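Observations on the model geometry
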Amino acid sequence: MERREEQLGAAGAGASPALDFTVENVEKALHQLYYDPNIENKNLAQKWLMQAQVSPQAWHFSWQLLQPDKVPEIQYFGASALHIKISRYWSDIPTDQYESLKAQLFTQITHFASGSKIVLTRLCVALASLALSMMPDAWPCAVADMVRLFQAEDSPVDGQGRCLALLELLTVLPEEFQTSRLPQYRKGLVRASLAVECGTVFPLLEQLLQQPSSPSCVRQKVLKCFSSWVQLEVPLQDCEALIQAAFTALQDSELFDSSVEAIVNAISQPDAQRYVNTLLKLIPLVLGLQEQLRQAVQNGDMETSHGICRIAVALGENHSRALLDQVEHWQSFLALVNMIMFCTGIPGHYPVNETTSSLTLTFWYTLQDDILSFEAEKQAVYQQVYRPVYFQLVDVLLHKAQFPSDEEYGFWSSDEKEQFRIYRVDISDTLMYVYEMLGAELLSNLYDKLGRLLTSSEESYSWQHTEALLYGFQSIAETIDVNYSDVVPGLIGLIPRISISNVQLADTVMFTIGALSEWLADHPVMINSVLPLVLHALGNPELSVSSVSTLKKICRECKYDLPPYAANIVAVSQDVLMKQIHKTSQCMWLMQALGFLLSALQVEEILKNLHSLISPYIQQLEKLAEEIPNPSNKLAIVHILGLLSNLFTTLDVSHHEDDHEGPELRKLPVPQGPNPVVVVLQQVFQLIQKVLSKWLNDAQVVEAVCAIFEKSVKTLLGDFAPMVPQLCEMLGRMYSTIPQASALDLTRQLVHIFAHEPAHFPPIEALFLLVTSVTLTLFQQGPRDHPDIVDSFMQLLAQALKRKPDLFLCERLDVKAVFQCAVLALKFPEAPTVKASCGFFTELLPRCGEVESVGKVVQEDGRVLLIAVLEAIGGQASRSLMDCFADILFALNKHCFSLLSMWIKEALQPPGFPSARLSPEQKDTFSQQILRERVNKRRVKEMVKEFTLLCRGLHGTDYTADY
């Protein structure tokens, strides 16, 4: 034993410096971890123990920590350390020590079979890891040996203890395989070996499960063991006997959960669909659970109903295509579908009385997809069978979507209400999907039911029923084009007849009107039927989200038909804004709605409405501008500036020539005179400057000011021209005083839209030079505290090169300093900043020939850029950024080939650069590959990915599987 410990200790001696990892110190550290009240001490102890576990000394102290006189916490640490050493440092173990290590682990497991269960499990995991590393060559019959050793009669442990220990070992073996770090080629070999071992495991499990004398704890362990093994994709036909035994075990309440898990895992294997005959045998077994399911529902036994539902759904969802293909068995599959329908419509409200129905929703998607994927003839047959089923499903889903009574709902917790909201969204998505199967008939069906409900004089109806039917309509109308539906006019006519006595119903009425806003745009005569309802709801804070979002949709879709109602909409909106009924975000939406509305009016009308709408806010802002800055008036200022910027986001009086021209839409000239937004901005410009003068130190206020102009520029495009000179001047003053990223972002917008126009080039050039000079000074002082400014600055430089390279021709621009700052930015830890810097270089390098100053600086300092790029690829930057660095290499190769071919050889010459893991041959291969590829950017990206993996020592490991 001692000799083995010494050899194992020596084998890992180089792994870490020899800290004092003795048994005594480990025990002290564990005591500190578990019992010291000081969190810092706990953290220190944990860090030290993690080092101890991977140290060579772990081979010595692990066995000693497993001594019978130690407490379970200490024994557990010893077992965990053994597992870590075996699973992560297998190559450190001499081959002649495999057998003694195996024997020692067997001895310990036998000992703990009647001891602490958590320690037993860790020891089993350690032996499982050892078995996986030795299989198949060094330990060809691992599982058979395990079974034989634990069945030996000469063991001091009783038969049940040995049996449970063996089952624990067999259970963790496949689990350890799933999480093991085995190389890919070894995984395939071990998987094949384990598949053969099933022949030893399954008969044993069957025997133990069917043996009348087997105690409940053994049967439960058998089911868990089976559940673990089936995840190795064992052929379903080999599992038949155990699956049937698991179905029988469902009658035993103690075994129920384990049986469900085992059956679901077995049925859900991807490979199972190949075994159609076995699947067909399973249908009667599942259908045989219906009585147990009904009893469970009747008795309110949620666990049992949930478990049986999981089994039915696992069979239906995973194998609907395979079972539908068996046309002669259509009736038994239809019976399974009807069983799942029962689970969907299970009585009670989700999630308070039941949690089962949500499990079934994906099944209905899958079944529909499979039916619609058949060729026309077969599809027609199945449509005939399943269309009535799907109409029934709609009824069931709408019933499940109904709110409980007001009294009952009042007792629900906020978490339960949120879960119910998400559940209704899932139902909504399912209804939208089902429309593909049922088509227009579904809308007619809903309309007829709603019509009967609202016009019936015989019986009083619940608001919940009405709300659910409307919710069904809304679900479909939100995503499906209902413009040609013949039932929508009737629905719009029915909506005013709904007696709204409840917030939930009122919300759904609002959202339904919003979902029909595109239809209203095509049928403007109906707007007057629903608009009064929306305006009335605006005054109710409980309907804030639904009423404001609906008004916004109507104003966006129907703006050219709203002028007759404009005065009323503006008046009501002004009233609710002044009364502060809505939260900030809804106030912003409301301003956007008004922007859409005003866009369709004549300029004089717009200005008149704007005056009445924003005058109160301007007066408030004037008052706030006089006050000494404090937190409460800051909130008010940001709120007012936000209202203005949201209004200007959508207030667009120029009309698109064609709504389908894509993002670069051309605007038609506006005949009526100056743009109203520009008129207002010019009126309030002095006031905004006054506010700024007091709040320049506050990033939030500066951001809010910039947002007004940025959103206006984006909306108005060329119409913003009159504001350009004064805005450039203001931005220059702002940025010179206190640099902020938002000012750079606005400058970038101005460069993008106006820099190419001769009339606007002088003020934009002056602003560009000023912000560049200020930012370069910031770099000299230390830019690390301002990654956002550096990010925005790099984006501005890239935009300038893309839109107007002439900005780099000015003698006052220090191109060399800009280049050096961008190289520095490549080394920032923040990924967005690095990305922006890479973007700048990929715009700069192609200008080497056309802009003299750029060509000169690349010639002088390009080598520094290349070294920074190679350092990043070598491991200094995140692997997720490698494509960006590859873009720089590609640009250097394409536009500075002769320079790059000289630089790259020099740069890669020093040993250990860019990584100590690289050989001279690997570096040489990389440089040759890069220099050869001047056309295919994708190939360069692949080369860089390969090279960075070599640099990081990750090439050919599992870590690169998804890379």
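Residues numbered from 1 in each chain as written. Predicted model: local features only at pLDDT ≥ 70, side-chain atom pairs only at ≥ 80, totals over all residues. Heavy atoms only, no water.

1. Here we look at the overall build of the protein
What the protein contains, in helices and strands, is 45 helices and 0 strands. Projected onto its principal axes, the C-alpha coordinates of the protein cover approximately 105 × 90 × 60 Å. Of all 963 residues assigned to the protein, the portion counted as buried reaches 53%. Long-range contacts, defined as pairs at least 24 residues apart, comprise 74% of the intrachain contacts of the protein with a sequence gap of at least 6. (Helix = DSSP H or I, 4+ residues; strand = E, 2+ residues; numbered from the N terminus. Buried < 20%, exposed > 50% of the residue type's maximum accessible area, 1.4 Å probe, protein only. Contact = heavy atoms within 4.5 Å.)

2. Describing the nonpolar core
In terms of nonpolar packing, the biggest core is built from 335 residues, with Trp229, Tyr386, Phe709, Phe720, Phe808 and Phe885 touching the most fellow members. When residues of this core are assigned to their parent elements, the largest contribution, 12 residues, is made by helix H7 (residues 117-134). Setting aside its immediate chain neighbours within four residues, Trp229 contacts Val143, Leu170, Leu173, Pro174, Leu194, Glu197, Cys198, Val201, Phe202 and Val234. The next biggest cluster of nonpolar side chains, apart from the first, holds 13 residues, and it includes Leu49, Ala52, Ala58 and Phe77. (Core = buried A, V, L, I, M, F, W, Y, C linked by side-chain atoms within 4.5 Å.)

3. Brief notes about the packing of aromatic side chains
With the rule as written, the count across this model stands at 25 aromatic pairs. Judged by centre distance (6.0 Å) and plane angle (50 degrees), the ring pair of Phe768 and Phe808 falls under tilted. In this pair, Phe768 is assigned in helix H37 (residues 761-781) and Phe808 in the loop between helix H38 (787-803) and helix H39 (815-825), connecting sequence segments 40 residues apart. Phe808 shares its class with Phe768; the two are buried. Grouping aromatic residues by their ring pairs yields a cluster made of Tyr350, Phe403, Tyr409, Trp412, Phe420, Tyr423 and Trp463. Its end group placed over the ring of Tyr409, Lys417 keeps NZ or CZ at 4.8 Å from the ring centre. (Phe/Tyr/Trp six-rings, centres within 6.5 Å; stacked < 30°, edge-to-face > 60°. Lys NZ or Arg CZ within 6 Å of the ring centre and 35° of its normal.)

4. Considering helix H43 (residues 897-907)
All of the buried residues in H43 are Leu899, Leu900, Ser901, Trp903, Ile904 and Ala907. If you follow the buried residues of H43, they end up packed against helix H41 (852-876), helix H42 (882-895) and helix H44 (920-932).

5. Details of the packing of H41 against helix H45 (residues 937-952)
In the contact formed by H41 and H45, the axes pass within 8 Å of each other and the chain directions differ by 60 degrees. Of the possible angle classes, the one that applies to H41 and H45 is oblique. Taking contact as the criterion, the partners of Ala872, Ile873, Gly874 and Gly875 in H41 are, on H45, Val944, Phe947, Thr948, Cys951 and Arg952. Residue composition of the contact of H41 with H45, grouped by class: 5 nonpolar, 3 polar and 1 charged. (Axes fitted to C-alpha atoms, helices over the stretch in contact; angles between N-to-C directions. Parallel < 35°, antiparallel > 145°, perpendicular 65-115°, else oblique. Nonpolar A, V, L, I, M, F, W, Y, C, P; charged D, E, K, R; others polar.)

6. Considering the pattern of salt bridges
Enumeration according to the criterion identifies 35 salt bridges in this entry. Taking the shortest distance from any N to any O, the salt bridge between Lys400 and Glu354 comes out at 2.8 Å. A residue pair is termed long-range when its members are at least 10 positions apart, and Lys400 in helix H19 (residues 376-400) and Glu354 in the loop between helix H17 (330-344) and helix H18 (361-372) qualify at 46 residues. Across the pair, exposure class does not vary: Lys400 and Glu354 are buried alike. Residues Asp861 and Lys816 are paired through a salt bridge, measuring 3.1 Å at the closest nitrogen-oxygen approach. In this pair, Asp861 sits in helix H41 while Lys816 sits in helix H39, placing the two residues 45 residues apart along the sequence. (Salt bridge = Lys/Arg side-chain N within 4 Å of Asp/Glu carboxyl O.)

7. Here we look at unusual backbone geometry
Cis geometry marks the peptide bond from Met135 to Pro136, where omega comes out at -10 degrees. For Pro136, the position within the fold is in the loop between H7 and helix H8 (142-151). Geometrically, the link from Phe913 to Pro914 is a cis peptide bond, its omega value of 0 degrees lying close to zero. By secondary structure assignment, the location of Pro914 is in the loop between H43 and H44. You will see that Glu233, though not glycine, has its phi angle at about 60 degrees, which is positive. Positive phi is not limited to glycine here, since Gln580 has a value of about 55 degrees. Following the sequence through the fold, Gln580 ends up in the loop between helix H29 (566-578) and helix H30 (584-599). The class of Gln580 is exposed, set by a relative accessible area of 65%.

8. Points about the side chain of Gln504
Tracing the sequence through the fold places Gln504 in helix H25 (residues 503-515). Under the relative-accessibility criterion, Gln504 is labelled buried at 19%. Ignoring any residue separated from it by four or fewer positions in sequence, one finds Gln504 in contact with Phe403, Tyr409, Trp463 and Glu467.

9. Comments concerning the confidence of the model for the protein
In the predicted model, the protein carries a mean pLDDT of 89, and the fraction of residues at 70 or more is 94%. Within the model, the stretch residues 1-18 combines pLDDT values under 50 with 31 contacts to residues more than four positions away or in other chains. Contacts of residues 656-671 to residues separated by more than four positions or lying in other chains number 19 contacts, the stretch itself having pLDDT below 50. (pLDDT = per-residue confidence, 0-100.)

10. A word on the packing of helix H11 (residues 216-230) against helix H13 (residues 256-267)
Interaxial distance between H11 and H13 falls to 8 Å at its minimum, and their mutual angle equals 20 degrees. The orientation of H11 relative to H13 falls into the category roughly parallel. As H11 runs across H13, the sense of the crossing is left-handed. Contacts from Gln220, Leu223, Lys224, Phe226, Ser227 and Val230 in H11 reach Ser258, Ser259, Glu261, Ala262, Asn265 and Ala266 in H13. Here the contact of H11 with H13 is built from residues that sort into 5 nonpolar, 5 polar and 2 charged. (Left-handed = near helix turned anticlockwise from the far one by under 90°.)

11. As for H13
The terminal C-alpha atoms of H13 lie 16 Å apart, and with 12 residues this matches the ideal 16 Å at 1.5 Å per residue to within 8%. Among the 12 residues in H13, 10 count as buried, and that is most of the element. When we look at burial in H13, the residues that qualify are Phe256, Ser258, Ser259, Val260, Ala262, Ile263, Val264, Asn265, Ala266 and Ile267. The inward-facing, buried residues of H13 abut H11, helix H12 (240-249), helix H14 (276-287), helix H15 (290-298) and helix H16 (302-324). (Expected span 1.5 Å × (residues − 1).)

12. Description of the state of the cysteines
Here the structure, examined in full by the defined rule, presents 0 disulfides. Cys225 supplies the cysteine sulfur nearest to Cys124, a cysteine that is in no disulfide, at a spacing of 11 Å. No disulfide involves Cys951; its nearest neighbouring cysteine sulfur is the one of Cys838, lying 16 Å away. (Disulfide = S-S within 2.5 Å.)

13. As for the side chain of Thr360
Summarising the element assignment, Thr360 is placed in the loop between H17 and H18. A distance of 2.8 Å separates the side chain of Thr360 from the side chain of Thr344, its partner in a polar contact. Residue contacts for Thr360: discarding those within four places in its chain leaves Cys309, Val313, Ile340, Cys343 and Thr344. (Polar contact = N/O pair within 3.5 Å; in protein donor to acceptor, adjacent residues only side chain to side chain.)

14. Some remarks on the environment of Val222
Structurally, the position occupied by Val222 is in helix H11. For the pair formed by Val222 and Ser114, sequence separation is 108 residues and the distance between their alpha carbons is 18 Å. When sequence neighbours within four positions are dropped, the list of residues in contact with Val222 reads Leu167, Leu205, Leu208 and Leu209.

15. Topic: empty space enclosed by the protein
The full count for this structure, using the stated rule, is 1 cavity of 30 Å³ or more. Looking at the largest cavity, its volume works out to about 40 Å³. Contributing to the lining of the largest cavity are Glu240, Ile243, Gln244, Thr278, Lys281 and Leu282. (1 Å grid on protein atoms, 1.4 Å probe; cavity = no way out; pocket = protein on both sides within 12 Å on 5 of 7 lines; lining within 4 Å. Points joined across faces, edges and corners; volume = space filled by probe spheres on them.)

16. Some remarks on the environment of Val818
Tracing the backbone through its elements, the reader meets Val818 in helix H39. Classification of Val818 as buried rests on a relative accessible area of 0%. For the pair Val818 and Thr775, spaced 43 residues apart in sequence, the C-alpha separation works out to 9.3 Å.

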